[in-house]
Amino acid sequence: MNILTMLWKNLLGGSRTILFPARPKVSARYRGLVRFDPALCTGCAICRFRCTARAIEFKAGKGEFTWSYDPGHCTFCGRCVEGCKSHAISQDPACPPVYLNIGELKNSYTVARKPPAPKPAQAAPPAASGQTADPATEVRNERS
Amino acid sequence: MNLTTALARLLVFPGVLFAVPFAWFFLWVERKAVARMQGRIGPPFMQPFLDFIKLLGKDTPVRGGAGGLLMRAWPLLAVSAAAGAVGLLPVLPSSGGFEGDLILLLALLEVPSMCIIAAGFSSRSIFGEIGSAREAVLSVAYNVVFLLAIVSIAASQHTFRLETLAQLPPSFLRYLGIAAILVCLPAKLHLNPFSLPNAEQEIYSGPMTEYAGPELAMWELSHGLEWVAATGLVATLAAPHISLAWLAALLFVALSFVVVLLLSVLAAATARLAIDTTVRFYWQCTLIFAVLAISSALFMRFRS
Amino acid sequence: MNLWNKLMCYSRRRSPWIFHMNSGSCNGCDIELVASLSPRYDAEQLGVRLEGSPRHADILCITGPVTRNSVQAVKTVYGQVCGPKAVVAIGSCPATTNVFIDSRTLDGPLDRHLPVDVFVPGCPPRPDAILQGVAKAAQILADRAANKAPVVSVLLPLAEPECACSCAQADKAAAPACEVKP
């Protein structure tokens with residue numbers, strides 16, 4: 001009679017349905033829509049290289065670049081977020097909306113390239129030739 | 001029973017005018033009850049009616065020749081037979097009737113499933129043929145029990161006239177027969193656990209695979225009318241005789257509703273059985289009771 | 001618009017019957033589609049019924065990036081769905097072939113072969129997003145009914161050619177050849 005008890009409990013306890021058009025909340029760690037911060041972006045295009053689905057497009061121009069993202073292509077894997085050194089990309093816990101035409105959800109940003117950072121003052125010349133300043137050989141020496 | 005009474009019973013109450021909205025209501029009750037028992041909300045109240053209207057507005061595929069004509073005829077025949085079966089039910093106390101109308105009622109109750117079988121074969125689709133074969137096997141299995149139960153009820157009360165059966169006080173044998181009929185109803189109405197001809201994920205839609213649009217609307221309507229006729233038969237057999245017309249009608253509605261709820265609980269509580277288990281259930285388990293019922297009815301008949 | 005037309009529009013919006021077809025999907029979107037029939041999301045509250053035969057359905061829900069093996073089947077099933085119909089592309093695979101872009105085994109995306117009405121993005125989309133897509137498609141069907149001239153097609157056998165619509169640039173608002181002209 002287990003099933004009858006279950007049915008009775010369901011009848012008494014009310015339904016657990018989420019009434020349309022309400023939607024359940026996603027957790028804070030949900031990997032959803034990619035958010036781009038143009039202020040932090042350096043234009044390295046690693047995100048375009050790592051994107052598995054060609055959702056991110058990057059077009060370099062003179063002194064500026066265009067970065068665009070289409071959630072319709074995206075597979076929400078997060079490789080772009082992992083690869084970004086300047087943390088300009090993150091994933092919101094948000095789902096992309098339903099759309100009617102291809103490319104409708106795509107958004108582009110045209111970002112002016114930042115001028116290069118000023119160089120620090122000239123350092124002192126290197127020490128006597130006995131010491132090797134070559135970092136690669138230094139590492140090798142440490143390991144052997 | 002004169003012509004006006006017959007037409008009133010067929011067309012007004014408990015005929016088409018009453019039975020069609022009632023059929024939609026019962027279809028909704030079943031879906032809603034099953035949904036609530038599964039912890040869901042289920043469809044809104046007007047859902048079967050809106051499904052019907054929507055289907056009327058859809059196109060039908062082109063079908064040539066005699067096969068196409070036949071395919072169009074089966075759902076209409078099923079609806080007419082089911083409506084006729086509902087019209088024959090002796091709901092009101094002075095509804096008239098004729099000797100042997102129980103037999104006509106049984107025949108009319110059989111016609112929709114015969115139409116489903118024929119429709120599946122005439123659609124010339126492999127899924128239709130498989131579904132029809134299943135429906136045919138199921139029909140043979142439960143019909144033997146069903147008919148034996150009805151005949152035992154009629155034989156024990158010495159009459160094949162529905163009105164007389166409704167007026168006589170029910171005996172123990174009648175309740176046994178009603179129990180047997182209730183066991184056959186899930187198979188007749190394609191409910192779990194005997195919903196094999198409708199096995200969607202296995203054989204597409206079985207006999208209904210090639211139907212669309214208004215024809216499908218007619219099939220859904222005949223299914224609803226079958227609900228009303230089958231549950232109404234149980235209600236009229238189980239109800240005590242009441243001389244007030246409106247009270248009798250109310251009791252009929254209430255008893256049918258109870259039967260629908262019982263069937264919904266069964267449908268929600270069970271899963272679909274395979275054809276061999278179903279047939280084994282009917283032939284091995286219930287047949288013995290039906291045989292017992294009819295033999296005791298005949299024994300009592302010949303003894304008295 | 002007379003009463004019958006209003007009733008028809010209302011019933012088209014409130015009774016969307018769907019047929020699900022997988023054109024090479026990884027099954028993630030298929031799982032989310034049947035999850036939308038489960039108690040938590042309950043597609044039946046919208047009147048949605050998952051139908052067993054394409055002839056019964058109004059809305060064709062297609063998942064998968066349309067592999068070369070499945071193209072003919074997709075077109076045939078689309079032709080078998082009786083008008084008026086709508087197509088919902090579930091997941092990002094039918095819309096854009098997602099990660100399988102440039103694959104030699106694909107013949108996608110879906111709108112090269114069928115007129116797609118609604119795209120539900122996601123990989124896989126959440127069941128509530130799928131329900132939103134189906135509801136949007138039902139609304140589109142209702143709007144199309146509102147724009148058509150009144151048609152009374154009760155029980156009359158209306159001729160409709162069974163075509164496999166390979167309409168790549170079909171105008172979504174106009175009816176494809178399968179639908180009945182008033």
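The structure displayed is predicted, hence computed values, not measured ones.

Engineer: I tried to follow the overall build of chain A on my own but got confused; where do I start?
Structural biologist: Along chain A, the regular secondary structure elements total four helices and five strands. Here chain A holds 144 residues, and the buried ones make up 19% of them.

Engineer: Help me understand the overall build of chain B, please; the structure alone is not making it clear to me.
Structural biologist: Within chain B, the regular secondary structure consists of 12 helices and zero strands. Overall, chain B shows an N-to-C arrangement of helices and strands of α-α-α-α-α-α-α-α-α-α-α-α. Here the C-alpha atoms of chain B give a radius of gyration of 19 Å, agreeing with the 19 Å that 2.2 N^0.38 yields for 304 residues. Each principal axis of the C-alpha distribution contributes one length, and for chain B these read about 60 × 45 × 45 Å. The 304 residues of chain B split such that 54% are buried. Across chain B, contacts joining residues at least 24 apart in sequence account for 80% of those joining residues at least 6 apart.

Engineer: Got a minute to help me understand the confidence of the model for chain A in this structure?
Structural biologist: Close reading of the predicted structure is inappropriate where its pLDDT is low. This prediction gives chain A a mean pLDDT of 83; 84% of its residues lie at or above 70. The low-confidence segment residues 128-144 of chain A (pLDDT under 50) makes three contacts with residues lying over four places distant or belonging to another chain.

Engineer: How do you make sense of the packing of helix H4 (residues 65-88) of chain B against helix H10 (residues 213-238) of chain B when you look at a structure like this?
Structural biologist: The axes of two packed helices give the description: the angle between them and the distance between them. Residue and element names in this part refer to chain B. Two elements in contact, H4 and H10, have axes separated by 8 Å at closest approach and are oriented at 25 degrees. As summarised for this structure, H4 and H10 are arranged roughly parallel, according to the angle between their axes. Considering how the two elements wind past one another, H4 and H10 form a crossing that is left-handed. Between H4 and H10, the contacting residues are Arg 72, Pro 75, Leu 76, Ala 78, Val 79, Ala 82, Ala 83, Ala 85 and Val 86 on the first element and Glu 215, Met 218, Trp 219, Leu 221, Ser 222, Leu 225, Glu 226, Val 228, Ala 229 and Gly 232 on the second. Of the residues that constitute the contact of H4 with H10, the class distribution is 14 nonpolar, two polar and three charged.

Engineer: Can you help me understand the sheet that holds strand S2 (residues 56-60) of chain A in this one?
Structural biologist: Strand pairs in the sheet, formed through backbone hydrogen bonds, run parallel or antiparallel to each other. Residue and element names in this part refer to chain A. Overall, antiparallel pairing links the three strands, which are arranged S2-S3-S5 in an open sheet. With partners counted over all chains shown, the strands left at the sheet margins are S2 and strand S5 (107-112), one partner each. Strand-to-strand twist across the sheet, computed as the mean angle between neighbouring axes with direction ignored, equals 15 degrees. Bridging between S2 and strand S3 (residues 64-69) involves five bridges; their strand directions are antiparallel. Considered in S3, the bridge of Ala 60 is made with Phe 65.

Engineer: Please explain the environment of Arg 9 of chain B as it appears in this structure.
Structural biologist: With respect to the secondary-structure elements, Arg 9 of chain B resides in helix H1 (residues 3-11). Along the backbone, Arg 9 of chain B and Ala 166 of chain B are 157 residues apart, and their C-alpha atoms lie at a distance of 16 Å.

Engineer: I would appreciate a short explanation of the pairing of strand S3 (residues 59-63) of chain C in the present structure.
Structural biologist: As a general feature of sheets, a regular strand has side chains that alternate between the two faces. Residue and element names in this part refer to chain C. Buried residues dominate S3, accounting for five of its five residues. Burial along S3 is two-sided: Ile 59, Cys 61 and Thr 63 and Leu 60 and Ile 62, pointing in opposite directions, are all buried. Note: strand S1 (residues 17-22) against S3, five bridges, orientation parallel. Bridge pairing in S3 links His 20 to Cys 61. Judged from the four bridges that link them, S3 and strand S4 (residues 86-90) form a sheet pairing that is parallel. Bridging from a neighbouring strand, Ile 62 pairs with Ala 89 of S4. In this fold, S3 hands off to helix H3 (residues 71-80), which returns the chain to S4; that crossover is right-handed.

Engineer: How do you make sense of the interface of chain B and chain A when you look at a structure like this?
Structural biologist: Listed as interface residues are nine residues of chain B and, on the opposing side, eight residues of chain A. Where the side of chain B that touches chain A is concerned, the elements lending two or more residues are helix H2 (16-37) and helix H11 (245-269) of chain B. Class assignment of the residues belonging to the side of chain B that touches chain A gives a composition of five nonpolar, two polar and two charged.

Engineer: What should I look at first to understand the sheet that holds S1 of chain C in this one?
Structural biologist: Taken together, five strands build an open sheet; the order of strands is S2-S1-S3-S4-S5 (chain C) and the sheet is parallel. Taken across any chain shown, the strands that pair with only one partner, and hence form the sheet edges, are strand S2 (49-50) and strand S5 (118-120) of chain C.

Engineer: How do you make sense of H2 of chain B when you look at a structure like this?
Structural biologist: A turn of α-helix holds 3.6 residues, and therefore any two residues three or four places apart point the same way. For H2 of chain B, spanning 22 residues, the distance from its first C-alpha to its last is 31 Å, which sits close to the expected 32 Å at 1.5 Å a residue. Where H2 of chain B is concerned, the buried positions are Ala 19, Phe 22, Ala 23, Trp 24, Phe 25, Phe 26, Leu 27, Glu 30, Ala 33, Val 34, Ala 35 and Met 37 of chain B. Residues of H2 of chain B that are buried sit in contact with helix H1 (2-13) of chain A together with helix H3 (47-56), H4, H10 and H11 of chain B.

Engineer: I tried to follow unusual backbone geometry on my own but got confused; where do I start?
Structural biologist: Phi is mostly negative for residues that are not glycine, and the peptide bonds are mostly trans. The omega angle of the peptide bond from Phe 20 of chain A to Pro 21 of chain A is 0 degrees, so this bond is cis rather than trans. Locating Pro 21 of chain A in the fold gives a position in the loop between H1 and strand S1 (34-36). Residue Pro 84 of chain C is bonded to the preceding Gly 83 of chain C through a cis peptide linkage, with omega at -10 degrees. Mapped onto the fold, Pro 84 of chain C is located in the loop between H3 and S4.

Engineer: Explain the environment of Leu 92 of chain B here, please?
Structural biologist: Residue and element names in this part refer to chain B. In this structure, Leu 92 sits in the loop between H4 and helix H5 (101-122). C-alpha separation for the pair Leu 92 and Met 46, spaced 46 residues apart in sequence, amounts to 28 Å. Leu 92 has contacts with Ala 245, Ala 248 and Ala 249, leaving out every residue within four places of it along the chain.

Engineer: Can you help me understand H10 of chain B in this one?
Structural biologist: Compared with an ideal rise of 1.5 Å per residue, which puts 26 residues at 38 Å, H10 of chain B spans 38 Å between its outermost C-alpha atoms and is within 8% of the ideal. Burial runs high along H10 of chain B: 25 of the 26 residues are buried.

Engineer: Would you explain the nonpolar core in this entry?
Structural biologist: Most often, soluble globular proteins have nonpolar side chains that are buried together. Core analysis: the biggest nonpolar cluster contains 163 residues, and Ala 23, Ala 149 and Leu 225 of chain B together with Leu 60, Val 88, Ala 89 and Val 134 of chain C have the highest contact counts within it. The element that contributes the greatest number of residues to this core is H10 of chain B, accounting for 14 residues. Not counting residues up to four positions away in its chain, the partners in contact with Val 134 of chain C are Pro 16, Ile 18, Val 48, Ile 59 and Val 88 of chain C.

Engineer: What is the right way to read the pairing of S5 of chain A from this model?
Structural biologist: Residues and elements named next belong to chain A. The buried fraction of S5 is low, at zero of six residues. Pairing of S3 with S5, which is carried by six bridges, proceeds in the antiparallel orientation. Directly across from Ser 68, in S5, lies its bridge partner Ser 108.

Engineer: Honestly, the packing of helix H6 (residues 126-156) of chain B against helix H8 (residues 172-188) of chain B in this entry has me stumped. Any pointers?
Structural biologist: Residues and elements named next belong to chain B. Close contact between H6 and H8 brings their axes to 9 Å; oriented N to C, the two are set at 160 degrees. The pairing of H6 with H8 is recorded here as roughly antiparallel in orientation. With respect to the hand of their crossing, H6 and H8 are arranged in left-handed fashion. Note on element contacts: H8 touches H6 through Leu 173, Arg 174, Gly 177, Ala 180, Ile 181, Cys 184, Ala 187 and Lys 188, opposite Leu 138, Tyr 142, Val 145, Phe 146, Ala 149, Ile 150, Ser 152, Ile 153 and Ser 156. Taken together, the residues that form the contact of H6 with H8 break down as 12 nonpolar, three polar and two charged.

Engineer: Can you help me understand the environment of Thr 67 of chain C in this one?
Structural biologist: Residues and elements named next belong to chain C. Here Thr 67 lies in the loop between S3 and H3. Thr 67 gets classed as partly exposed once you count the C-beta atoms within 10 Å, which come to 19. In sequence terms Thr 67 and Pro 109 are 42 residues apart; their C-alpha atoms lie 9.3 Å from each other. Once residues lying within four places of it in the same chain are set aside, the contact partners of Thr 67 are Ser 23, Gly 24, Thr 105, Leu 106 and Asp 107.

Conventions and cut-offs
- Starting from 1, residues in each chain are numbered consecutively following that chain's sequence as written.
- Working convention: letters from A go to chains and numbers from 1 go to ligands, in the order in which they are written.
- Local features are withheld for residues below a pLDDT of 70 in this predicted model, meaning they are given only at 70 or higher, and side-chain atom pairs are given and counted only at 80 or more; totals for whole chains, interfaces and linings count all residues.
- Helix and strand assignments follow DSSP, with helices taken as H or I runs no shorter than four residues and strands as E runs no shorter than two, numbered in order from the N terminus.
- Counting other C-beta atoms within 10 Å of a residue's own tells you its class, since 20 or more makes it buried, 12 or fewer makes it exposed, and anything in between is partly exposed; those C-beta atoms are placed from the backbone.
- Throughout, the radius of gyration refers to the C-alpha atoms, and the reference size of a globule is 2.2 Å times the residue count to the power 0.38.
- By the criterion used throughout, residues are in contact when their C-beta atoms, derived from the backbone, lie within 7 Å.
- The pLDDT score gives, residue by residue, the confidence of the prediction method on a 0 to 100 scale.
- Axis lines are fitted to C-alpha atoms, over the contacting stretch for helices. Their N-to-C directions set the angle, which ranges from 0 to 180 degrees.
- Oblique is the label for every angle not falling under 35 degrees (roughly parallel), over 145 degrees (roughly antiparallel), or within 65 to 115 degrees (roughly perpendicular).
- Throughout, a crossing is termed right-handed when the near helix is turned clockwise from the far one, and left-handed when it is turned anticlockwise from it by less than a right angle.
- The residue classification treats Ala, Val, Leu, Ile, Met, Phe, Trp, Tyr, Cys and Pro as nonpolar and Asp, Glu, Lys and Arg as charged. All others, Gly included, are polar.
- Note on pairing: two strands pair once DSSP finds at least 2 bridges between them.
- Here a crossover is taken to be right-handed if, once the strands point away from the viewer, the path from the first strand over the helix to the second is traced clockwise.
- Multiplying 1.5 Å by the helix residue count minus one yields the expected span of that helix.
- To count as a nonpolar core, a set of buried Ala, Val, Leu, Ile, Met, Phe, Trp, Tyr and Cys residues must be joined through C-beta atoms within 7 Å.

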